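Listed here are the chains, written in short residue letters.
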2 protein chains.
Amino acid sequence: MSATLYGVGVGPGDPELLTLKAHRLIREAAVVAYPVNAKGEGFAHTVVGKFLQSNAIHLPIHVPMKTERAPAQCAYDAASIEIAEHLSAGRDVVFLCEGDPFFFGSFMYLFERLKGDHPCKVVPGVTSLTACAAELGRPLAARNDVLKVLPAPLDAAALTRELETAQSAAIIKVGRHFDKVRGVVEALGLTSEAWIVEAATNPEQKVRRLGDVPAGDRPYFSTILIYRGEEQW
Amino acid sequence: MSATLYGVGVGPGDPELLTLKAHRLIREAAVVAYPVNAKGEGFAHTVVGKFLQSNAIHLPIHVPMKTERAPAQCAYDAASIEIAEHLSAGRDVVFLCEGDPFFFGSFMYLFERLKGDHPCKVVPGVTSLTACAAELGRPLAARNDVLKVLPAPLDAAALTRELETAQSAAIIKVGRHFDKVRGVVEALGLTSEAWIVEAATNPEQKVRRLGDVPAGDRPYFSTILIYRGEEQW
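Along each chain, residue indices are assigned from 1 in the same order as the chain's sequence is written. Whichever chain is written first is A, and whichever ligand is written first is 1; the rest continue in order. Given that this is a predicted model, residues contribute local features only at a pLDDT of at least 70 and side-chain atom pairs are listed and counted only at 80 or more, while totals for whole chains, interfaces and linings are drawn from all residues. Excluded from the side-chain calculation are hydrogens and water; included are all heavy atoms of the structure.

A.B. asks: When you look at the relation of the copies chain A and chain B in this model, what are you seeing that I'm missing?
C.D. replies: Two chain copies here: they are related by a rotation about an axis and a translation along the same axis. In superposing the copies, a least-squares fit is computed on C-alpha atoms, taking residues whose pLDDT is at least 70 in both. Structural alignment of chain A on chain B gives an RMSD of 0.0 Å, achieved by rotating through 180° and translating 0.0 Å along the axis. In the structure described here, the two chain copies are related by an operation that fits a two-fold rotation axis. Only heavy atoms enter the contact rule, under which two residues are in contact if any of them lie within 4.5 Å. Interface overlap between copies: 100% of the residues of chain A at the interface are likewise at the interface in chain B, consistent with a symmetric, same-surface contact.

A.B. asks: For this particular structure, what's the right way to read the pattern of salt bridges?
C.D. replies: Should their charged atoms come close, side chains of opposite charge can pair. A pair is scored as a salt bridge if a Lys or Arg side-chain nitrogen falls within 4 Å of a carboxyl oxygen belonging to Asp or Glu. In the structure shown here, the tally under the stated rule is 18 salt bridges over all chains. The salt bridge partner of E112 of chain A is K115 of chain A, with a shortest N-O separation of 3.4 Å. On the basis of relative accessible area, E112 of chain A is assigned to the partly exposed category, the value being 24%. A salt bridge links R113 of chain B to D77 of chain B; the nearest nitrogen and oxygen atoms lie 2.7 Å apart. Of this pair, R113 of chain B sits in helix 4 (residues 107-114) while D77 of chain B sits in helix 3 (residues 70-88), and the two are 36 residues apart along the sequence. In this scheme, a residue with accessible area under 20% of its type's maximum is buried, one over 50% is exposed, and one in between is partly exposed, where area comes from a 1.4 Å probe on protein chains only. Among the residues examined, D77 of chain B registers a relative accessible area of 36% and is labelled partly exposed. Residues joined in a network through salt bridges with shared partners are K148, R161 and E162 of chain A together with K148, R161 and E162 of chain B. What counts as a helix is a DSSP run of H or I of at least four residues, what counts as a strand is a run of E of at least two, and both are numbered from the N terminus.

A.B. asks: Looking at this structure, how should I read the nonpolar core?
C.D. replies: For soluble globular proteins, nonpolar side chains are generally found buried alongside one another. Throughout this description, the term nonpolar core refers to a set of buried Ala, Val, Leu, Ile, Met, Phe, Trp, Tyr and Cys residues connected via side-chain atoms within 4.5 Å. L5 and I83 of chain A together with L5 and I83 of chain B are the most contacted members of the largest nonpolar core, which totals 94 residues. In terms of nonpolar packing, the next biggest core, distinct from the first, is built from 42 residues, Y6, L18 and Y34 of chain A together with Y6 of chain B among them.

A.B. asks: Explain the packing of helix 6 (residues 156-164) of chain B against helix 7 (residues 178-187) of chain B here, please?
C.D. replies: In a packed pair of helices, the relevant descriptors are the angle between the two axes and the axis-to-axis distance. Residues and elements named next belong to chain B. To obtain each axis, a line is fitted to C-alpha atoms, and for helices this fit is confined to the stretch in contact; angles are then taken between N-to-C directions over 0 to 180 degrees. Between helix 6 and helix 7, the least distance of the axes is 10 Å, while the angle of their chain directions is 40°. It follows that helix 6 is oblique to helix 7 by the angle criterion. In this structure, helix 6 meets helix 7 at a crossing whose hand is right-handed. From helix 6, A156, L159, T160 and L163 reach across to helix 7, where they touch K180, V181, V184 and V185. Its residues placed into classes, the contact of helix 6 with helix 7 shows 6 nonpolar, 1 polar and 1 charged. We call two directions roughly parallel when the angle between them is under 35 degrees, roughly antiparallel when it is over 145, roughly perpendicular when it lies between 65 and 115, and oblique otherwise. Throughout, a crossing is termed right-handed when the near helix is turned clockwise from the far one, and left-handed when it is turned anticlockwise from it by less than a right angle. Residue type decides the class: Asp, Glu, Lys and Arg count as charged, Ala, Val, Leu, Ile, Met, Phe, Trp, Tyr, Cys and Pro as nonpolar, and the leftover types, Gly among them, as polar.

In structure tokens, the structure reads:
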């Protein structure tokens, strides 16, 4: 009988924002897998490093970040084979996910490859969406507000169309799309309602009004929040 | 000097989905406030009951659920006065919030009344949004998907317009709006991509295809998830 693959959300960066369930699974994990960049650094792994057993088996997974898909698909294929070997040998595997596993994460690609042959469970986590709002000190949405999560790589026309009918919006993965996004927000007259939160709950966190940020690229983990919901009462 | 008001998300219902930070603040709380219904029952309070100190001071807050706003405004005014007395006396107050305090929650109304005179902090929590996706075992969104959170009380025209341009949608607070919402989803040809999750992570949880549910009202804490994002790879 196969062991279980757990996709575990570790939250936005503050280790105290792990759930009790994530904390338990991570402390007990015999095998941990996690995404890493080309330098071998993994954000999710850094967040929970202090909770891991010293003898845990580590499976860092490097996925090339390219426009064409084939290299990433190969990386997920290889990783799923490696993970499946542990599962088949009876060892549970904990896959560490930034934020939440199913909220714009990469866990889904392993989940899709492995769920047919192995038990796979997802432990939800705190997303950057609500972490940014908490750090900013402004509500995301209330009552019958329409809330939209919009990836910054969308083109200006799509962003404009979606922002026109949203009481609340979170524009995620701002990075090198900052100037385009700010142009859209300004053209809609929403700049006074817009804030940018970088690296929410991490030591290098920055919270500013959109209008106060100079032109140029921002970090990948930057979110622009716009709230023009009902009058606060 | 005033003590601090903490708005603390307790997550979707499973007590193990509290964050470590929420768990710490709730265990240490001298004063806890929380919403209750007309019978005096409070969902958030029930979730964390076992973690509270036996001598904690309890402030149940009943807010009348009516279309006109005046009764609710009066209830928040009265609650904020009561909370402010504890804060001014140097006692921190932990306000328990279902899910996340700033994600369609009522904490914002107390926050708006108290933030001018007292330190107020928000501890984000796991929302029903990602908890539903985790229990369903289907991703919410990936890459450049547009994700929309749509309250079910919106009229059919607004729901239709927003669903037409969403790769992913979560329709929340389904309750007595179920038949209307299902009609919209069917008219758009999206029924085969739609699931309904009731009471996610709670003992009475139900997960079903939208097409398998008979007509009629559903519980308030029901969410319809529709995902038609990019092909899984």
